[in-house]
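A closer look at the structure
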Amino acid sequence: MGRLDGKVAIVTGASRGIGRGIALAMAREGAKVAINYRSSESQAQELANEINSFDGTCMLAQADVGDPQESRDMVRRVFEQWGRIDILVNNAGITKDRTLRKMTDDAWQAVINANLNSVYYCTSAVMPIMVNQNYGRIINISSMNGQVGAIGQSNYSASKGGIIAFTRTAALELARFNITVNSVAPGWTLTDMFAGVPDNIQDQIKSRIPLGRFGDVSDIAKAVVFLAAEGDYITGEQLNVNGGAFMI
Ligand code: NAP
């Protein structure tokens with residue numbers, strides 16, 4: 001008996017990294033999982049194979065969630081397949097780091113679009129379905145760097161700070177429909193996104209993490225599954241999963 005038996009979940013950006021870990025953990029808890037990805041089809045298929053190997057249920061759901069029409073079409077396909085949508089995890093994200101002096105309009109807009117606009121597109125697409133069900137769990141992946149300054153990440157920090165603010169307002173507006181909206185803010189987590197950080201900087205960062213290690217995708221996935229499965233009376237919150245790196 002899984003904690004998410006009978007539930008339908010969409011995880012955006014699930015082909016790799018944190019999203020992959022979340023999709024896998026949700027499938028292991030019995031959810032039917034739509035694996036969204038933009039271009040990493042073989043990795044998405046490999047995850048689907050892994051879920052199928054333990055008799056989990058999943059579908060591939062390709063879409064660029066930075067595109068409003070593609071986001072809506074993806075949600076429609078999942079609804080047509082399974083007839084409900086209980087959980088949306090807005091996880092897809094990118095970085096295009098540059099200091100403000102070197103920031104370009106393209107780098108600014110690409111990050112805001114993929115990280116923040118996507119949260120609005122997918123949330124607004126699942127909202128009527130969740131309202132009809134009188135049930136929904138929306139979990140947005142923000143970041144520690146949406147709460148603290150990070151050199152070279154004005155676009156990324158703005159997108160993640162925006163997610164935190166969006167989460168609170170969406171939580172207020174949707175509570176009457178039994179839809180909770182929360183965010184999970186990972187610290188430094190071992191994925192492709194973090195792999196680009198030079199080794200000497202990684203060592204400096206690690207020395208500032210009280211728990212003495214970087215996060216694993218399973219650390220983040222556990223928190224997301226907790227909110228989806230046990231968070232019935234939690235809404236508008238941000239759960240920091242960062243080894244104690246930033247305490248507010
Ligand atoms: P990652 O390993 O680079 O994976 C990113 C995922 O997002 C991939 O599956 C990618 O799919 C997908 N994606 C990107 N843009 C997309 C789009 N427009 N439409 C659909 N899918 C898209 O990143 P990660 O480290 O797992 O990060 C996942 C989330 O956690 C992000 O929101 C990130 O900001 C956040 N986060 C990460 C860390 C960290 O240290 N890793 C810390 C704090 C927060 P394709 O390969 O198909 O493009």
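All residue numbers refer to positions counted from 1 along the written sequence of the respective chain. Only residues with pLDDT of at least 70 are given local features in this predicted model, and only at 80 or more are side-chain atom pairs given and counted; all residues enter the totals for whole chains, interfaces and linings. Computation of side-chain values: all heavy atoms of the structure, hydrogens and water removed.

1. A short note on the nonpolar core
As used here, the term nonpolar core means buried Ala, Val, Leu, Ile, Met, Phe, Trp, Tyr and Cys residues forming a set that is joined through side-chain atoms within 4.5 Å. Each residue is assigned to one of three classes by its accessible area relative to the maximum for its type, calculated with a 1.4 Å probe on protein chains only: buried under 20%, partly exposed between the two thresholds, exposed over 50%. Core analysis: the biggest nonpolar cluster contains 34 residues, and Ile 22, Met 26, Ile 35, Val 184 and Val 224 have the highest contact counts within it. At the level of elements, β1 (8-11), α1 (17-28), β2 (32-37), α2 (41-53), β4 (87-90), β5 (136-141) and α8 (217-230) are the ones that each hand at least two residues to this core. Strands are runs of DSSP state E lasting at least two residues, helices are runs of H or I lasting at least four, and both sets are numbered from the N terminus onward. For this core, the leading source of residues is α8, giving eight residues. Contacts are assigned to residue pairs that have any heavy atoms within 4.5 Å of one another. Each residue touching Met 26, except ones within four places of it in the same chain, is listed here: Leu 4, Ala 9, Val 11, Ala 31, Val 33, Ile 87, Val 89, Val 224, Val 225 and Ala 228. Met 59, Ala 61, Val 75 and Cys 122 belong to the second-largest nonpolar core, a separate cluster that totals 25 residues.

2. As for the site of the ligand
The rule for a residue being near a molecule or strand is that one of its heavy atoms must lie within 4 Å of it. Around the ligand there are 31 residues in total, and Ser 39, Ser 40, Asn 91, Tyr 156 and Thr 191 lie nearest to it. At 2.5 Å from an oxygen atom of the ligand is found a side-chain nitrogen or oxygen belonging to Tyr 156. Any pair of nitrogen or oxygen atoms within 3.5 Å is treated as a polar contact; in protein, a donor-acceptor pairing is required on top of that, and neighbouring residues in sequence qualify only through side-chain atoms on both sides. Within the side chain of Lys 160, a nitrogen or oxygen atom sits 2.8 Å from an oxygen atom of the ligand. When the ligand is considered free in solution it has 900 Å² of accessible area, and contact with the protein chains removes 97% of it. Elements represented by at least two residues in the shell around the ligand include exactly α1, β2, α5 (154-174) and α6 (192-195). Tallied by class, residues from the shell around the ligand come to twelve nonpolar, 14 polar and five charged. In short, Shrake-Rupley with a 1.4 Å probe defines the accessible areas, and a residue's cover is counted only from the protein chains shown. Three categories are distinguished: nonpolar for Ala, Val, Leu, Ile, Met, Phe, Trp, Tyr, Cys and Pro, charged for Asp, Glu, Lys and Arg, and polar for the others, with Gly belonging to the last.

3. Re helix α4 (residues 105-133)
Here the expected length of a helix is defined as 1.5 Å per residue gap, with one fewer gap than residues. Between its terminal C-alpha atoms α4 stretches 40 Å, which fits the 42 Å expected from 29 residues at 1.5 Å a residue. Two axes are fitted around each residue, one to the seven residues ending there and one to the seven starting there, and the angle between them is reported as the bend at that residue. Along α4, the largest kink reaches about 40° and is centred on Asn 113. Phi for Asn 134, located one or two positions after α4, is positive at around 55°.

4. Concerning the packing of aromatic side chains
Ring pairs (aromatic) are described by centroid distance and by the angle formed between their planes. Aromatic pairs are defined between Phe, Tyr and Trp rings, using the six-membered ring for Trp, whenever the two ring centres lie within 6.5 Å; interplanar angles under 30 degrees are classed as stacked, those over 60 as edge-to-face, and all others as tilted. According to the stated counting rule, one finds two aromatic pairs in the structure shown. When the ring of Phe 194 is compared with that of Phe 214, the centres are 4.9 Å apart and the planes differ by 65°; the resulting orientation is edge-to-face. Taken together, the positions of Phe 194 in helix α6 and Phe 214 in the loop between α7 (199-207) and α8 put the pair 20 residues apart, joining distant regions of the chain. Owing to a relative accessible area of 9%, Phe 214 belongs among the buried residues under this scheme. As a reminder, the over-ring test applies to NZ of lysine and CZ of arginine, requiring each to be within 6 Å of the ring centre and within 35 degrees of the ring normal. The residue whose ring lies beneath Lys 7 is Tyr 135, and the NZ or CZ to ring-centre distance is 5.0 Å.

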